Structure formats: C-alpha cells, structure tokens
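Structure at a glance
The chain contents come next:
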Amino acid sequence: MKKTMKNVFAFALVLSLALGISSIPASAASVKGIVAPLTVTVNEDGEPMGTTIVSSWMDQKGNFSPEFTSYKISADVYLPRSIFNNDGGKVFIDPMVSFWFPDLGTNGILEDNEPIIIDFDRENNFPVWDNVFVKEASLVGDMIKVEIVDATVNATLKTMEWDEASGSRVVWTDPIPEAGAGDACPLIMVATDRAFKGKFAVANASIKIGDTEYKTDYSKKDTIGNYDGEAEGYNEVKAASFNTSAVSVAKTSVKIKKKESTTVKVTTMFSGDKVKVSSSSSKVAKATYKSGKVTIKGLKKGKATVSVIANGKTKKIKVTVK
C-alpha cells in the first residue's frame with residue numbers, strides 16, 4: 001500500500017483571469033473515473049483548510065527516472081456547478097507526479113509551479129481560466145469539465161514531509177534512487193478558496209514520460225485509484241460512474257388512484273448524494289425518498305407537484321390522483 005500523503009497546501013488567491021470560451025453544453029451523460037469527497041473548512045482567521053489528492057495508479061506504471069523535466073500530466077477534472085455559488089469562489093487544481101520507491105518504503109513528489117485556477121462567469125454562465133495547460137473548461141450538463149493536457153511539473157524532487165515555516169514540502173536531500181527504482185503516477189490535487197463540502201471526479205488521467213504516455217483505463221472493473229483528503233484520510237477506491245446532471249427523474253408526470261402508490265427512479269450526480277422531496281399538496285399526495293427512488297402515495301383526488309432536490313437543482317413530477 002502506498003504511503004499516505006499530507007495535503008495541506010498554501011494557495012495564492014489573487015490571479016487575473018483571462019476569459020475562456022466554453023463549448024456548447026453537452027447532454028447529461030454517465031462518465032467513469034475516480035470520485036472523491038472534498039471538504040474545505042475555514043479557520044479562525046478565515047483561511048481555507050483542506051484539500052483532496054486523487055491518485056491514478058496504473059496497471060502499467062511509468063518508471064521513475066532522475067530526468068524529472070520529462071514528466072507531463074493530463075486529466076479531465078469534473079467539478080459540480082454548485083461548487084461556484086452566488087457569492088463567488090475559485091477552484092484550485094494542482095497536477096503533480098508521485099513516485100513510489102518500494103526499496104525505501106516512501107514516496108517522492110514533483111509539484112507544478114503554480115495551481116490551475118478555475119473561476120466562473122455567473123452572468124454569462126461559463127467557466128474562465130488563465131493557464132496554458134487547460135485545453136478547455138466547459139459546462140457539461142451541471143458539471144464543469146476541465147481538460148488538462150501535458151501539464152509540466154517542477155524539476156525538484158521533494159519528500160512528503162511538510163515544512164510549516166516555508167509553507168511547502170521539504171526538498172529531497174537523500175541520494176536520488178537510480179532510474180527504474182520506482183513507479184510514477186499522476187496526482188490531481190483540488191481545493192477551494194472558501195468553505196465547501198461536496199464531491200468531484202477525475203477521469204482519463206495519464207502521465208507522459210518522454211514520448212511515452214501511460215494511461216489509466218477506468219473502464220476496467222479492477223482499476224484502483226485512491227484519494228487522500230483532509231477529513232477522509234487515505235482510501236483506495238475502484239473507478240466509479242457518475243452523472244453530469246445534478247439530478248434527474250425517470251418520469252415527470254404520474255397518475256395514481258387514491259390510496260395507491262407508485263415509485264419513480266431518481267438519478268443523482270454522485271452515489272450517496274443527499275436528496276430532498278416535497279409535495280405541493282400534502283393532502284393530495286405524499287412523497288418520500290429512499291435508495292434512489294421517490295415513492296408517491298395518493299391520499300385524495302386532485303393534483304399536486306412533487307419536487308426532487310439534489311446538488312442545488314430541482315426536478316418536478318406532476319401528480320394526478322384519481
């Protein structure tokens with residue numbers, strides 16, 4: 001098992017953002033990748049605390065080499081639209097490279113020079129960014145897809161130890177392991193500049209070593225990734241499917257008889273998302289939610305509207321009780 005990694009990181013929160021052009025929103029679809037929780041809190045000084053690091057350990061891992069400048073990271077990062085609330089907020093994405101040295105029983109790491117910062121133009125409803133390694137950041141359903149391509153990393157190998165005084169990881173001073181002594185994998189670290197509790201996902205992660213690109217195949221059932229979060233600790237997870245829509249319902253209208261019930265399937269962005277349901281007329285129809293389904297029971301003749309709320313979005317089901 002790989003060593004757990006510290007994930008305290010100091011971000012510069014001031015950056016002038018250039019306007020990015022968003023592609024046409026795609027229809028909501030199912031994607032497979034690593035789904036990870038992100039919990040960011042604010043301390044007494046109002047500073048954000050907490051990040052999540054997602055690792056994509058590949059079936060065929062790239063070998064470690066002392067020629068650090070040859071490493072480049074690519075990945076698609078999916079952020080819920082709700083992460084950018086009406087009060088503002090930015091998301092920070094750090095592509096990195098981790099090396100696992102089995103003979104030493106420890107990790108080494110290469111960090112990028114500065115984080116990728118994603119903001120959101122609420123007036124025009126599209127993301128903005130200013131980073132040459134972002135090919136595109138587009139609104140896809142209720143998510144923002146950030147396409148990172150060939151992000152280079154700093155050539156200085158560091159340890160996993162964090163130096164509070166300098167606000168960075170400690171530079172590697174021991175003898176550098178010889179070429180081929182360890183495996184390389186891409187890391188994606190995500191944080192926000194305000195309190196946030198939710199999830200995000202990483203797909204299509206790869207690492208390019210020289211001219212050779214090593215890709216993670218998330219379509220395989222046995223593909224393992226992991227995340228290391230401030231609140232969650234080290235976890236190994238299988239690739240999971242997630243949806244680009246905040247919430248959807250299988251039916252938008254139902255007809256039932258008095259004292260009868262029917263169920264409607266509810267699909268949320270991530271497994272385990274909190275779902276609230278309510279009825280516009282509790283005397284006509286009652287609504288309850290459990291395990292991905294809303295149950296609607298007819299109480300008396302009439303009409304009502306059932307609201308299904310998740311991830312900041314609402315879907316409505318028109319109910320007619322005969």
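For the structure given in this document, a descriptive report is provided here. (Residues numbered from 1 in each chain as written. Predicted model: local features only at pLDDT ≥ 70, side-chain atom pairs only at ≥ 80, totals over all residues. Heavy atoms only, no water.)

Some thoughts on the overall build of the protein
Tallying secondary structure elements over the protein gives zero helices and 27 strands in all. At a minimum sequence separation of 6, the contacts of the protein that also span at least 24 residues come to 70%. Carbon together with sulfur atoms contributes 47% to the accessible area of the protein, which is approximately 15900 Å² in total. (Helix = DSSP H or I, 4+ residues; strand = E, 2+ residues; numbered from the N terminus. Contact = heavy atoms within 4.5 Å. Areas by Shrake-Rupley, 256 points an atom, 1.4 Å probe, with all protein chains shown as cover.)

Here's the deal with unusual backbone geometry
If you check the backbone angles, Asn 204 has positive phi at about 55° while not being a glycine. Counting through the fold element by element, Asn 204 comes out in strand S15 (residues 196-209). Take Asn 204: its relative accessible area is 48%, and that puts it in the partly exposed class. Positioned with a positive phi, Ser 291 is a non-glycine residue whose angle comes to about 50°. (Buried < 20%, exposed > 50% of the residue type's maximum accessible area, 1.4 Å probe, protein only.)

Considering the pattern of salt bridges
Under the defined criterion, the tally for this structure stands at four salt bridges. Of the charged contacts, one joins Asp 150 and Lys 208 as a salt bridge, the two residues approaching to 3.3 Å between their closest N and O atoms. In this pair, Asp 150 sits in strand S11 (residues 143-152) while Lys 208 sits in strand S15, placing the two residues 58 residues apart along the sequence. Using a relative accessible area of 23% as the deciding quantity, one classes Asp 150 as partly exposed. What you see here is one network of salt bridges that share partners, running through Glu 111, Lys 158 and Arg 169. (Salt bridge = Lys/Arg side-chain N within 4 Å of Asp/Glu carboxyl O.)

Focus on the side chain of Ser 65
Positionally, Ser 65 belongs in the loop between strand S4 (62-63) and strand S5 (71-80). According to the relative accessible area criterion, Ser 65 is buried, its value standing at 16%. Discounting residues that sit within four places of it in the chain, Ser 65 has contacts with Tyr 71 and Ala 179.

Observations concerning the nonpolar core
Counting 49 residues, the largest nonpolar core has Val 77, Ile 93, Phe 99 and Val 146 as the members making the most contacts within it. The element best represented in this core is S15, accounting for six residues. Residues contacting Ile 93, with those up to four places away along its chain left out, are Val 77, Asp 112, Pro 115, Ile 116, Ile 118, Val 146, Ile 148, Ile 188, Met 189 and Val 190. Counting residues in hydrophobic clusters, the runner-up holds 19 residues, among them Val 254, Ala 285, Ala 287 and Ala 310. (Core = buried A, V, L, I, M, F, W, Y, C linked by side-chain atoms within 4.5 Å.)

Section: the environment of Ala 239
In this structure, Ala 239 sits in the loop between strand S18 (233-238) and strand S19 (240-243). Once residues lying within four places of it in the same chain are set aside, the contact partners of Ala 239 are Lys 32, Gly 33, Tyr 218 and Thr 223.

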